[in-house]
Each structure stands twice: as structure tokens, then as C-alpha cells.
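Results of the structural survey
So the chains spell out like this:
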Amino acid sequence: MNEIKEYKVLARKYRPQKFQDLVGQDLLVEIITNAINNNKLAHAYILTGVRGVGKTTTARLIAMSINCQNRKENNCEPCGDCDSCKSTVVDSNLDVIEMDAASNTGVDDVREIIDNVKYKPVIGKYKIFIIDEVHMLSKSAFNALLKTLEEPPEHVKFIFATTEVKKIPITVLSRCQRFDLLRIEKEILTTHLLDIVSKEKIDIDKDAIALIVRAADGSIRDGLSLLDQAITNQNVKIDSASVTKMLGLADREKIFYLLEKILEGNTSESLDQFRKLYNLGADVIMIFDELINVVHFLTQLKIAPNLKDDIYIPELERMKGLELSNKLSLNNLNIIWQILFKGYQELQTSFHLFQHGEMLILRIIYLYDGSTPDDLLNKINEKDDQFSNETNIQNKKSVNNDNSKILNFKDEISKPQSNNVINIRDFRHFVDMFFKNREGLLHTKLYNDVTLITFKDGEVVLNTGKINDQSFNRTVAKLISTWTGRVWQVKSSTSNLGKSLYEEDIINQQNEIELMKNNIEVKKILQEFPGSRIHSITELSEVNSSDESKKLNIKKEK
């Protein structure tokens, strides 16, 4: 009767047995192998990095190499056939002592190591202590280890591995050579998984591999474990749909579609798509985690458009991502990401995840109350280049200042003050109305001290945290209603999104100055007067409004 061979998971089956098999750690391998070949080994090493990048594997390889009985001169690779190598692989080598600090955290555990230090190795040249997750040792345990770690016997080597190097006392770190193992780049991890897939004769889509690589987040062990799981779930062919279902992810295509509808301001379709994802089994927190990742991907595409040619990203994501990123500015993407990230944090402690998710979607759609955040942000930043043409048709109405008759504010603004209703195009136009009507103090506060949150015809929401006047909103609403001939509401918000008009103008002028520096005539002037700089650019009020002439103010540095 044939004995059934025990299945070995891929992470164990393909664990590196030589330095050349280590993936994505070229610099570490170069330094360690040179040290072994030149016999310049340190007495203590500390290996740090995220989970699954090869810390414990590297520690075992170092132990195998320096204790290998058949290792050739000027060759760091262990033979793998001698008694020392074989026993190290199966964790039975008396000279290689592994300890899990997560389970052995106390002083007594460290004292056991200290007691073993004085005994010489049995098989190999060195007695090697590998302590995994060393940051879990208690403070007293670290203190007990310090003296031995500083001056160990010549036959003793310490190798520490940790994912939390910041938790290790500096006194311990200073006594060790430190190596930071890098996250495995997605290209390298993809190539490695494809190589294993080929060896195992597994039929799998490249898009499915891309999903596994993304979920692994730079960890080879996680990537192999997920690949193992995918093989178990799917006996024939592994496609992206099965991997998506296995990982509990929302279908990436549906996430792009959801974001597209949100950006279009299509409330009903956005909420309908969100509900469909939820009904298909996607976790609400995972949906918003995916939305955050997609917005980040769109930002990357905005900064580096060449990313659309990256073959390691699924084609659908590249094409759809490029289409969406072209419709948005970086500022928009930043604002949307902030809303999603804040909402994601809120979801961690929420008891009504689905309802909370719907409200987060509405929060993005109605941020600027328009078809897309980009369109409305452009309205906020639009310059008032047509204002001079409209002032000729503005019909002011005098305000009755009779103090003997007190009118209710609501009743007063509900009555049109003029037959000609003046439309306010944007917030800058709104603020300029106070300057034109000689309300200098209010104009200054609106220009310098308030931040616009939302603006629409008849209603403006402001962050008035810097304003101490409790009647500020009421006064502003009353005056603007009087001047425009329609009812306006002015509300306050604690949101920190956006900038004041003063801050916007400073940024715009700095941008204009940078552009002006490239002007040929300006370059000649700056070269003619060394030490000079462009201080500001002022529009000439004397020229026609259609003329874009500027007055350049140049100052010499003291």
C-alpha cells in the first residue's frame, strides 16, 4: 500500500536553502557573504523588517553557512549535505539554538541562554543563538543580556530578528550590526510567484497574480500563503474573480464604477452600487479601504502618467484609472482622499457600518453640491474677470435705518429689496460685494479670516473659527440679501478643508511670479541688477479690462 505523501505548503517548500535563493535582499546578501568569505563576522546581528520578508530564513542561512563542515574556501553557500546543515534545517542542531521571545519574555529565559554560552559547540565552529521577535523581551531580560552581548566568548554568535526595532533598547542596538530587510517590490514578487506557478504547473491568470501580490503587500510568505489558498479553493483554473472572492475584496471594476458615479454626483446610482457590493458579501470597511487605494492610485497616475504602461497592474485598472484621473485635479484627489481616510477611521468604531458608509458617500457627493468636486472647485477659484461689466447694471437700494421701527430679520430679508435680483457667481464675487458697498471691516474679515466650506446660490457655509463676533453671520446675511434682492443664509462649520481668499491669492501670485521669471525681458532686468527679485505683480487699473498688462514690482535684496 502506497503511503500518502504529506503536503508541504509553498512557503515551506520553497524556503531558500542558499543565499542566492533569497529574493529581493541583494544588498544584505552581498554584505553578509563578504563578511563570511573574509572571516569578518560580527558577534551579534539584528535583522529587522515587515513580516514574511526572510528574517528568520536569513538567520538560519547565516548559521548554516558559518557552521557548515564542507563549505569551500571563498564560498559562503552552505553545502546542505553535512550533519550540521541537515540538523539545522530540521531544527535539531545542538549548536543552533532558536528561541521565540514572544513566548519566552522573562529574565529566567535569558539566564538559560547565558548559562549555555559557556559551553563550546558540539558539531560546528560556533554556538549560535537565534532569538525571533526579540522586541518582546522584557526590560529586565534585555538588561540581563547586555553584558554577555557586549563581550561574548569567541565561539558564540547572536542573531536577533524583529518586526518592531523601535521597541528594542538603544543599548542593545548599539552592540549589534543592524540589517533592514526591504519589502519585496511587486515586480520581483510577481516574477517569483510566476516562477513557482510554472514549477507547480498551476493554471492562473496574471490578473489573479496581481491581486495576490497587492494583498501580500511586500511579503513573500503572505504571497505564497495566499497562492496556496487559491490553489485549494480552485482546482481547475484560478481567475481574478475567484481570488477576489477568496480575499473578501470588492470587485475592483465595481469599485471604479462606484467612484465614477460618486464623482458624477449621481446619488441614486452611487448608493445603489454600494448596496450591490454589500449584498455580494463585500465588507463595508473593505469597500472603503479599496476606495482609498483607488484614489491613491489615481493620484499616482496624475503624478506619473507612465504608470498606465505598468504591466504588473491589471489592464482594466490602468485604463479606467487614467480616464478618471484626467477628470480630476491633484487638489481634488487630496480632498477626496482625506474624506475617505477620515471616514475609514470612523468606520473602525461604528456600529452601523452600512448606514455610515452611505453617509460617507453622500459626504463626498455634496461636498461642493455639484456634478463633480472638480467643477465646483474651479468655481471657487474662478477670478472675477467679468465683475466690472456687471457693476453697470447693479441697482442699489437704500436701507432704511429708522431705529424707531425694529423689523424681524426673517421678515426683512424675505422681502425682495429690488426688482433686479443680482446673481452671485462664486464666493469671491460674494466677498467683493462688501468692498463695493463700503463695508470694509466685514470685507477684511471675509477675505482674510474665513474659509469657504460650501457655496451655492442663496446659501454659504463658512469656517468662522477666527471670528469672535456672534452676530457676524446674521450681519453678513442681512447685507448680502439687501444688495442682491434675494434671501441668503450664512452658516458656520468646523471643517478645516479649503483656504481663505487671502491664502489663495498668495499662492496664485507666487505661481505668477514663477512664470514671470521665465519671461525674456524680465530675465534681462534681473541679470542687469544682480540681487534683485520680483516682489509682486499688480494689475494696472488704468488699462482696459480686456488688457492683461501687469505692473511688475522689483526690489533689490539688502
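Criteria and thresholds
- Residues numbered from 1 in each chain as written.
- Predicted model: local features only at pLDDT ≥ 70, side-chain atom pairs only at ≥ 80, totals over all residues.
- Heavy atoms only, no water.
- Helix = DSSP H or I, 4+ residues; strand = E, 2+ residues; numbered from the N terminus.
- Buried < 20%, exposed > 50% of the residue type's maximum accessible area, 1.4 Å probe, protein only.
- Areas by Shrake-Rupley, 256 points an atom, 1.4 Å probe, with all protein chains shown as cover.
- Pairing = 2+ DSSP bridges.
- Axes fitted to C-alpha atoms, helices over the stretch in contact; angles between N-to-C directions.
- Contact = heavy atoms within 4.5 Å.
- Phe/Tyr/Trp six-rings, centres within 6.5 Å; stacked < 30°, edge-to-face > 60°.
- Patch = residues over 30% accessible without salt bridge, like charges linked within 9 Å, V, L, I, M, F, W, Y side chains within 5 Å.
- Salt bridge = Lys/Arg side-chain N within 4 Å of Asp/Glu carboxyl O.
- Lys, Arg positive; Asp, Glu negative; His and termini not counted.
- Charge placed at Lys NZ, Arg CZ, Asp CG, Glu CD.

Concerning the overall build of the protein chain
A tally of helices and strands in the protein chain yields 25 helices and 10 strands. Buried positions account for 42% of the 558 residues belonging to the protein chain. Accessible surface for the protein chain amounts to roughly 31,700 Å². Of this, 48% is attributable to carbon and sulfur atoms.

Observations regarding the sheet that holds strand 4 (residues 156–162)
Ordered in space as 2-3-4-1-5, the five strands form an open sheet in which the pairing is parallel. Edge positions in the sheet fall to strand 2 (96–100) and strand 5 (177–180), since each has one partner strand and no second. Taken pair by pair, the neighbouring strands of this sheet meet at an average axis angle of 15 degrees, ignoring direction. Bridge analysis of strand 2 against strand 3 (residues 127–132) gives five bridges, and the strand direction is parallel. When the bridges of strand 3 are listed, Val96 appears paired with Ile128. Contacts from helix 3 (residues 55–67) reach strand 1 (44–48), strand 2, strand 3 and strand 4, with the element oriented near 180 degrees to strand 3. Strands strand 2, strand 3 and strand 4 of the sheet are contacted by helix 5 (residues 107–117), whose axis makes an angle of about 165 degrees with strand 3.

Side note on the sheet that holds strand 7 (residues 459–463)
Taken in spatial order, the three strands line up as 6-7-8 in an open sheet, and their pairing is mixed. Each edge of the open sheet is held by one strand with a lone partner, namely strand 6 (451–456) and strand 8 (489–492). The sheet shows a mean angle of 20 degrees between the axes of neighbouring strands, direction not considered.

Considerations on the packing of aromatic side chains
One pair of aromatic rings is described through two measures. These are the centre distance and the angle between the planes. Taken as a whole and judged by the stated rule, the model has 14 aromatic pairs. Seen in terms of ring centroids, Phe455 and Trp488 are 5.8 Å apart; in terms of plane orientation they differ by 40 degrees. Their pairing is tilted. Here the residue Phe455 occupies a position in strand 6, and Trp488 occupies one in the loop between helix 23 (472–484) and strand 8, the gap between them amounting to 33 residues. Here a set of aromatic residues connected by ring pairs shows up, and it is made of Phe427, Phe430, Phe434, Phe455, Trp483 and Trp488.

Observations concerning unusual backbone geometry
Residues other than glycine seldom take positive phi values, yet Asn39 does so here, at roughly 55 degrees. Counting through the fold element by element, Asn39 comes out in the loop between helix 2 (26–37) and strand 1. Residue class for Asn39 comes out exposed when judged on its relative accessible area of 52%. One non-glycine residue, Asp91, adopts positive backbone phi at about 60 degrees. Mapped onto the secondary structure, Asp91 falls in the loop between helix 4 (83–89) and strand 2.

Here we look at a positive patch on the surface
Judged by side-chain charge, Lys8, Arg12, Arg15 and Arg221 come together as a positively charged surface patch. Looking at the secondary structure, you find Lys8 in the segment before helix 1 (10–13).

Overview of a nonpolar patch on the surface
Taken together, the side chains of Leu94, Val122 and Ile123 present a nonpolar region at the surface, about 290 Å² in accessible area. According to the relative accessible area criterion, Val122 is exposed, its value standing at 57%.

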